[in-house]
Amino acid sequence: LDPAQQDAAAAELVPWLKRGLTVLRDVEDAFQRDGTILAFATEGEILRLPTNGAIEEVVHAVYCDALDGDGGVDVTAVVQSRLHGAADGGCGIFELHVSAANLQSHVTFTNGAIRVTYRPSSTPAVVEVSDQRQLPLSADAVEGVVEAKYGAGNTWTDVRSHVVRLLLDNKPVIVRPGAFGGVDPVPGSPKTLRVRYVPKHNLQYKVDVPSQTDSAILLEPLT
């Protein structure tokens, strides 16, 4: 495109973006009032949801046409089942590849998508890991570490700063004596790392734009 055509295309796109932002704010406000969160992914993409008790309830999940959004196939039970099975693994993030087959849908869509409405837990997520194992969390899954303690029985040591630093440095957190500043709260006994954290809700909203632009705009969550 020459400069004049680029300017014309940009001018045509602005009203659609404004409309899309207005819709997104309305959607966000509605979900905030309801206390739920909307997650969305299109055909071939990966839907990511937090695990370790971060989700209190999957309210509704539907596999539908991304451009239409009406109707579709209810896949709530499928998502609930898969999420429950992934509760103890995957670095704190449940990943679901979006396809009709994977969602056990008898209906296919040319522009398929999944929309999941869920209610986040009002309490921090919790994960416990015994000695010689790796903490199944990554920085991408954690908004903030509330508490991290290492020990056993009635003897626990605060190791939050060490866990946070390892996560921020994208280093594996291997649970073993001496791994957290050299401490060993109960020498000679099996120990556990217990982490309470606020999960990160990785959301993307898609705004439809005129077909002649042959593209879609991805917006970060509105804050």
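See above for the structure.
The shown structure was predicted, so the numbers you read here are calculated from the model rather than taken from an experiment.

Criteria and cut-off values
- Numbering of residues starts from 1 in every chain and runs along the sequence as written.
- Side-chain atom pairs in this predicted model are given and counted only at pLDDT of 80 or more, local residue features only at pLDDT of at least 70, and totals for whole chains, interfaces and linings cover all residues.
- By convention in this description, side-chain values take in all heavy atoms of the structure and omit both hydrogens and water.
- For the purposes of this entry, the term helix denotes a DSSP run of H or I that reaches at least four residues, the term strand denotes a run of E that reaches at least two, and both are numbered from the N terminus.
- Here the term buried applies to any residue with accessible area under 20% of the maximum for its type, exposed to any over 50%, and partly exposed to those in between, with areas from a 1.4 Å probe on protein chains only.
- Residue contacts are defined here by distance: any two heavy atoms, one from each residue, within 4.5 Å place the two residues in contact.
- Directions from the helix axis toward the C-beta atoms define the arc.
- A pair of strands is considered paired only if DSSP assigns at least 2 bridges between the two.
- Interaxial angles span 0 to 180 degrees and are taken between N-to-C directions of axes, which are lines fitted to C-alpha atoms, for helices over the stretch in contact.
- Ring pairs are drawn from Phe, Tyr and Trp, using the six-membered ring of Trp, whenever the two centres fall within 6.5 Å, and their geometry is named by plane angle: stacked under 30 degrees, edge-to-face over 60, tilted for the rest.
- Only lysine NZ and arginine CZ atoms are considered, and such an atom sits over a ring when it is within 6 Å of the ring centre and within 35 degrees of the ring normal.

S.K.: Which parts of the structure should I look at to understand the overall build of the chain?
M.R.: The helix and strand inventory of the chain stands at three helices and twelve strands. Looking at the chain as a whole, 35% of its 223 residues are labelled buried. Long-range pairs, those at least 24 residues apart, make up 74% of the contacts in the chain between residues at least 6 apart in sequence.

S.K.: I'm lost on helix α2 (residues 76-85) in this one. Help?
M.R.: An α-helix turns once every 3.6 residues. As a result, residues three or four positions apart point the same way. Among the residues of α2, Thr76, Val78, Val79 and Leu83 are the ones counted as buried. With its buried residues spanning 160 degrees around the axis, α2 presents them on a single face. Opposite the buried face of α2, by more than 90 degrees, sit the exposed residues Ala77, Ser81, His84 and Gly85. Here the buried face of α2 lies against β2 (46-50), β3 (55-65), β4 (73-74), β5 (93-97) and β6 (112-120).

S.K.: Please explain the sheet that holds strand β8 (residues 142-152) as it appears in this structure.
M.R.: Backbone hydrogen bonds are what pair the strands of a sheet, in a parallel or an antiparallel way. Within the open sheet, the four strands sit side by side as β7-β10-β8-β9. Their pairing is antiparallel. Looking at strand neighbours, the two that pair on one side only are β7 (125-130) and β9 (155-158), the edges of this open sheet. Strand-to-strand twist in this sheet, taken as the mean axis angle between neighbours without regard to direction, amounts to 25 degrees. Bridging between β7 and strand β10 (residues 192-199) involves six bridges; their strand directions are antiparallel. Bridging from a neighbouring strand, Val129 pairs with Leu193 of β10. Relative to β8, helix α3 (residues 160-168) is tilted by about 130 degrees, and along the sheet it contacts β8, β9 and β10.

S.K.: Where do I start with the environment of Ala179 in this structure?
M.R.: Its place among the elements puts Ala179 in the loop between α3 and β10. Residues Ala179 and Val163 lie 16 residues apart in sequence; the distance between their C-alpha atoms is 9.5 Å.

S.K.: Can you walk me through the packing of aromatic side chains in this structure?
M.R.: Two measures describe an aromatic ring pair: the distance that separates the ring centres and the angle between the ring planes. One pass over the full model with this rule turns up two aromatic pairs. Relative to Phe109, the ring of Tyr63 lies with its centre 5.3 Å away and its plane at 70 degrees, an arrangement referred to as edge-to-face. On the criterion of sequence distance, the pair formed by Tyr63 in strand β3 and Phe109 in the loop between β5 and β6 is long-range, its members being 46 residues apart. Its relative accessible area of 22% is what places Phe109 among the partly exposed residues. Here the aromatic rings of Tyr150 and Phe180 are separated by 5.3 Å at their centres, their planes lie at 65 degrees, and the arrangement is edge-to-face. Taken together, the residues span a long stretch of sequence, with Tyr150 in strand β8 and Phe180 in the loop between α3 and β10 at a distance of 30 residues. Residue classification places Tyr150 among the buried residues on the basis of a relative accessible area of 0%. Given a relative accessible area of 0%, Phe180 falls into the buried group. Directly above the ring of Trp156 sits Arg194, whose terminal nitrogen or CZ lies 4.3 Å from the centroid.

S.K.: How do you make sense of α3 when you look at a structure like this?
M.R.: Those residues of α3 that fall on the buried side of the exposure criterion are Val163, Leu166 and Leu167. Along the long axis of α3, the arc covered by the buried residues comes to 100 degrees, so they all point the same way. The outward face of α3, more than 90 degrees from its buried face, is lined by the exposed residues Ser161 and Leu168. Buried residues along α3 sit against β8 and β10. The first or second residue beyond α3 is Asn170, which carries a positive phi of 55 degrees.

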